[in-house]
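One letter stands for each residue in the lines below.
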Amino acid sequence: MSTLDLNTAKTLIEAAEREAQNLGVSMVISILDEGGNLIATHRMDDAWLASIDIAQNKAWTSVALKMPTSNLADATAPQGELYGLNTTNQGKIVVFGGGIPLINDGKVIGAIGVSGSTVDHDVKVAEAAVKKFES
């Protein structure tokens, strides 16, 4: 697979939603393609409205920087070498966990972004989708 399509995005969203339900949280789950374009966003019942933008920005950050958003946490803290990075790119860069790139044959072909709970829960839900993608 060299590109993501809507059917794949739906499958990944389903895997992520199952994990969110297991954790007892309502999430927003977004899938973007390799160009940072939205393929699908899913807002579970009662998920925070603010999480729509955050989930999409987490996915965008992962595509744009080709890394999980959690990788940015330490470097963007005060006194970190990338402090202030989140103020670039019209504020779209998210510097805490919940965004993970989707990689096929060593190439980033998209990303998932999840928001709606603690960072730990956001990461676990995103990882469930990545695990499904890799299987």
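Residues numbered from 1 in each chain as written. Predicted model: local features only at pLDDT ≥ 70, side-chain atom pairs only at ≥ 80, totals over all residues. Heavy atoms only, no water.

Visitor: An account of the side chain of Asp122 is requested, with residue identities and associated values reported.
Guide: Note on placement: Asp122 falls in helix 3 (residues 119-134). Accessibility expressed as a relative area gives 2% for Asp122, which makes it buried. Reaching out from Asp122, the side chain makes a polar contact with the side chain of Lys58 at a distance of 2.9 Å. Apart from residues lying up to four places away in sequence, Asp122 is in contact with Met27, Lys58, Gly97, Gly98, Val114, Ser115, Gly116 and Ser117. (Helix = DSSP H or I, 4+ residues; strand = E, 2+ residues; numbered from the N terminus. Buried < 20%, exposed > 50% of the residue type's maximum accessible area, 1.4 Å probe, protein only. Polar contact = N/O pair within 3.5 Å; in protein donor to acceptor, adjacent residues only side chain to side chain. Contact = heavy atoms within 4.5 Å.)

Visitor: Got a sec to walk through helix 1 (residues 6-23)? Specific residues and values, please.
Guide: In this model helix 1 runs 25 Å from its N-terminal to its C-terminal C-alpha over 18 residues, within 8% of the 26 Å that 1.5 Å per residue would give. Taken as a whole, helix 1 has its buried residues at Thr8, Ala9, Leu12, Ile13, Ala15, Ala16 and Ala20. On an axial view of helix 1, the arc spanned by its buried residues comes to 160°, and they lie on one face. When the buried face of helix 1 is taken as reference, the exposed residues oriented beyond 90 degrees from it are Asn7 and Asn22. Looking at the buried side of helix 1, the elements it contacts are strand 1 (28-33), strand 2 (38-43), strand 3 (99-104), strand 4 (107-115) and helix 3. In the stretch just after helix 1, Gly24 is the one whose phi turns positive, near 75°. (Expected span 1.5 Å × (residues − 1). Arc of directions from axis to C-beta.)

Visitor: Break down the environment of Leu102 for me, with residues and values.
Guide: With respect to the secondary-structure elements, Leu102 resides in strand 3. Assessed through its relative accessible area of 0%, Leu102 is described here as buried. Expressed as a C-alpha distance, the spacing of Leu102 and Ala129, which sit 27 residues apart in the sequence, is 9.3 Å. Excluding residues within four positions of it along the chain, Leu102 makes contact with Leu4, Leu12, Lys107, Val108, Ile109, Gly110, Ala111, Ile112, Val130 and Phe133.

Visitor: Account for the pattern of salt bridges, naming residues and giving values.
Guide: Under the definition given, this model contains two salt bridges. In this structure, Lys58 engages Asp122 in a salt bridge whose closest nitrogen and oxygen atoms are separated by 2.9 Å. Residue Lys58 is located in helix 2 (residues 50-65), and its partner Asp122 is located in helix 3; the two are separated by 64 residues in the primary sequence. Its salt-bridge partner being Lys124, residue Asp120 comes within 3.3 Å of it at the nearest N-O pair. (Salt bridge = Lys/Arg side-chain N within 4 Å of Asp/Glu carboxyl O.)

Visitor: Got a sec to walk through the side chain of Ser51? Specific residues and values, please.
Guide: Here Ser51 is to be found in helix 2. Residue classification places Ser51 among the buried positions, given a relative accessible area of 1%. Sequence-distant contacts of Ser51, that is, excluding residues within four places in its chain, are made with Val28, Ser115 and Gly116.

Visitor: Describe the pairing of strand 3, listing the residues and the values that go with them.
Guide: Here six bridges tie strand 3 to strand 4, and the two strands are oriented antiparallel to one another. Residue pairing in the sheet places Ile100 in a bridge with Ile112 of strand 4. (Pairing = 2+ DSSP bridges.)

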